[in-house]
Amino acid sequence: MKTRIAIRFGLSGAVLGASLLTSAMAVAQNPASIAVRSTGEEDIVVQGPNNSLLYYVSLPGSGWVVNTIAGSHTTFSAPAIAVRADGEADIVAQGPNNSLLYYHATPGSSWTASTIAGPLTTYSAPAIAVRADGEADVVAQGQDSSLKYYWATPGSPWYPNTIAGVATTYSAPAIAVRADGEADVVAVGQNNTLLYYFATPGSGWTVTTVVGPGGAFSQPAIAVQADGEADVTVLSFANTLVYAYATPGSQWAVTQIGGPQTTFSAPAIAVRSNGESDVVAQGPDNSLLYYHRIPGSSWAVTTVTGNLTTFSAPVIAVRPSGEADVVAQGSNNSLSYSFNLPGTSFSTSTLGGSLTAF
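Residues numbered from 1 in each chain as written. Predicted model: local features only at pLDDT ≥ 70, side-chain atom pairs only at ≥ 80, totals over all residues. Heavy atoms only, no water.

Could you clarify how one ought to interpret the overall build of the chain in this entry?
A tally of regular secondary structure across the chain gives zero helices and 28 strands. Each of the three principal axes of the chain carries a C-alpha extent, and together these read 50 × 45 × 35 Å. For the chain, the proportion of its 358 residues judged to be buried stands at 56%. When contacts within the chain are restricted to residue pairs at least 6 apart in sequence, those whose partners lie at least 24 apart make up 40%. Positive and negative side-chain charges of the chain, numbering 11 and 21 respectively, have mean locations separated by a distance of 6 Å. (Helix = DSSP H or I, 4+ residues; strand = E, 2+ residues; numbered from the N terminus. Buried < 20%, exposed > 50% of the residue type's maximum accessible area, 1.4 Å probe, protein only. Contact = heavy atoms within 4.5 Å. Lys, Arg positive; Asp, Glu negative; His and termini not counted. Charge placed at Lys NZ, Arg CZ, Asp CG, Glu CD.)

Structural data, given as C-alpha cells:
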C-alpha cells in the first residue's frame with residue numbers, strides 16, 4: 001500500500017455566501033443516471049411511474065430499448081449506475097422504508113435484486129463506483145444526516161462503514177474511485193460547506209473543506225482526471241455555479257463558471273482523456289446549459305435546450321467517440337436526451353414520453 005499523504009488537499013477558506021440551508025437541498029435533483037461502456041453502448045436508469053425503476057439501453061446507431069427492472073413502489077430516489085469491465089451493470093437506489101437496494105445483471109441475463117441496507121438507513125439518492133478489481137463502492141446520506149459507505153467484492157456480502165457521523169451530511173453524496181484504489185467522496189456539510197473525504201484501501205477516511213460556509217446548495221458532482229486531478233462542481237449562493245479542482249498535495253482552487261441566477265439545479269460533470277471538463281446544469285427559465293474547458297483555457301458555455309425544456313438536474317457522460325450525452329427530465333415528466341460531437345450543435349430527442357421520468 002502506498003504511503004498516505006498527510007494532507008492531500010489543502011483547505012479552502014473561501015466564504016461564498018451567508019444565506020444557509022440546514023435541510024435537504026431545495027433545488028432540482030436528477031431523476032436519472034447514465035453510464036457508457038467501452039463499446040459505446042449507453043445505459044440509462046431512471047425512476048419511473050409509480051416509483052418503478054426503468055432501464056434504457058442503446059448501441060451506437062441503434063434505437064433505444066427500455067425495460068422495467070423493478071415494478072411499482074420499489075424505487076424512492078434517483079438510481080445510480082456503474083458498468084463493470086465484464087459488462088455487468090450495477091444499479092443502486094433508495095428502496096421502501098428508506099432502505100438501500102442493489103440490482104445487477106450481466107448481458108443477456110435477468111436482473112437480480114438484493115438489499116444493501118435495511119429500513120431507516122438511507123435518506124438520499126445513493127451513488128456508486130466500481131473498481132478495476134470488481135469491488136463496488138456505494139455512498140448515501142444515512143440516518144441523522146450521517147454519511148454511509150458500503151462496499152462488496154464479487155460473491156461477498158456488503159460491508160457497511162460510517163464515513164462521517166451524525167449531523168455532518170446535508171445532501172446526496174457523489175463518489176469517484178481512482179486507479180490506485182483511493183475512493184473520493186463529496187457532500188454538503190454543516191452550514192452549506194462542501195466537504196471532501198478520501199481513503200485508500202485499509203486506511204481511515206480523511207476530510208477537508210473544498211468550499212466554506214454558505215458555498216454549497218446542491219448535491220455536488222465529482223470526477224477524477226487521468227493525472228489525478230479531482231474536479232468538483234456544485235450549485236453555490238445566488239444560483240451561481242462553482243467549480244473546484246486540486247491535484248494531489250495541492251490546495252483546492254475554486255472558480256465561478258456560471259454567474260448569479262444562471263444555475264437552478266445540481267450540476268453534473270464528466271472529464272475526457274484530453275483533460276477537458278464538461279459540466280451541465282439547469283439554467284434560467286428551465287433551460288439546459290453546457291460548460292466545457294480544456295486545461296489552460298477559459299470556460300465556454302452553450303445552450304443545449306431552451307426555455308421550458310428542463311425540469312430536473314441533468315446527467316452527462318462522454319462516449320469513446322467524443323460524443324457528449326446529456327439526459328434530463330423534460331416537460332410533463334418526459335425523459336429528454338441530447339448529444340453532440342465536438343464542434344457540433346446538440347441534437348435532442350425524447351426517450352420516454354409523458355409521465356415516464358420522476
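What follows picks up the thread again.
What is the right way to read unusual backbone geometry from this model?
Negative phi characterises most residues that are not glycine, and trans characterises most peptide bonds. Within the chain, His 73 stands out as a residue other than glycine whose phi angle is a positive 65 degrees. Within the fold, His 73 resides in the loop between strand E4 (65-70) and strand E5 (80-83). Judged by its relative accessible area of 54%, His 73 is exposed. Positive phi is not limited to glycine here, since Leu 355 has a value of about 60 degrees. With respect to the helices and strands, the residue Leu 355 is situated in the segment after strand E28 (347-352).

It is not clear to me how the sheet that holds strand E16 (residues 206-211) should be interpreted in this structure. Could you clarify?
Within a beta sheet, neighbouring strands are joined by backbone hydrogen bonds and run either parallel or antiparallel to one another. Pairing is antiparallel in the open sheet, where four strands are placed in the order E13-E14-E15-E16. Whereas interior strands pair on both sides, the edge strands pair on one side only; in this sheet they are strand E13 (174-177) and E16. The sheet shows a mean angle of 20 degrees between the axes of neighbouring strands, taken without regard to direction. As paired strands, strand E15 (residues 194-199) and E16 are joined by five bridges and run antiparallel to one another. When the bridges of E16 are listed, Tyr 196 appears paired with Thr 208. (Pairing = 2+ DSSP bridges. Axes fitted to C-alpha atoms, helices over the stretch in contact; angles between N-to-C directions.)

It is not clear to me how the pattern of salt bridges should be interpreted in this structure. Could you clarify?
Opposite charge on two side chains permits them to pair, given that their charged atoms come into close proximity. Under the definition given, this model contains 13 salt bridges. Between Glu 323 and Arg 319 there is a salt bridge whose closest N-O contact spans 3.0 Å. Accessibility expressed as a relative area gives 8% for Arg 319, which makes it buried. The closest approach of N and O atoms between Arg 319 and Asp 325, which form a salt bridge, is 2.8 Å. (Salt bridge = Lys/Arg side-chain N within 4 Å of Asp/Glu carboxyl O.)

How should the packing of aromatic side chains be read in this particular structure?
The description of an aromatic ring pair rests on the distance of the ring centres and on the angle between the ring planes. One pass over the structure, following the stated rule, counts eleven aromatic pairs. Measuring from centroid to centroid gives 5.0 Å for Tyr 102 and Trp 158, while their planes differ by 75 degrees, and the two rings are edge-to-face. Remark: Trp 158 occurs in the loop between strand E11 (147-152) and strand E12 (159-164) and Tyr 102 occurs in strand E7 (residues 99-105); sequence separation between them is 56 residues. Here Tyr 102 matches Trp 158 in class, with each residue buried. Three or more aromatic residues joined by ring pairs make a cluster, and in this case those are Trp 64, Tyr 337 and Phe 339. (Phe/Tyr/Trp six-rings, centres within 6.5 Å; stacked < 30°, edge-to-face > 60°.)

Could you clarify how one ought to interpret the side chain of Ser 171 in this entry?
Along the chain, Ser 171 falls in the loop between E12 and E13. The class for Ser 171 is buried, based on a relative accessible area of 3%. Looking at Ser 171, its side chain comes within polar contact range of the main-chain nitrogen of Val 188, at 3.1 Å. (Polar contact = N/O pair within 3.5 Å; in protein donor to acceptor, adjacent residues only side chain to side chain.)

So what exactly am I meant to see when it comes to the pairing of strand E2 (residues 42-48) here?
Most of E2 is tucked away: seven of the seven residues are buried. Residues of E2 alternate between two faces, with Glu 42, Ile 44, Val 46 and Gly 48 on one and Asp 43, Val 45 and Gln 47 on the opposite face, all of them buried. Bridge count between strand E1 (residues 32-36) and E2: five bridges; the pairing is antiparallel. Paired with Ala 35 across the bridge in E2 is Asp 43. Connecting the antiparallel pair E1 and E2 is a turn made up of five residues, with Gly 40 showing a positive phi of about 95 degrees. Examined bridge by bridge, E2 and strand E3 (residues 52-58) share seven bridges and lie antiparallel to one another. Counterpart to Asp 43 in the pairing with E3 is Val 57. If you look at the hairpin formed by E2 and E3, you'll find three residues sitting between the two strands, and Asn 50 has a positive phi there, around 55 degrees.

So yeah, pure geometry; function would need other evidence.
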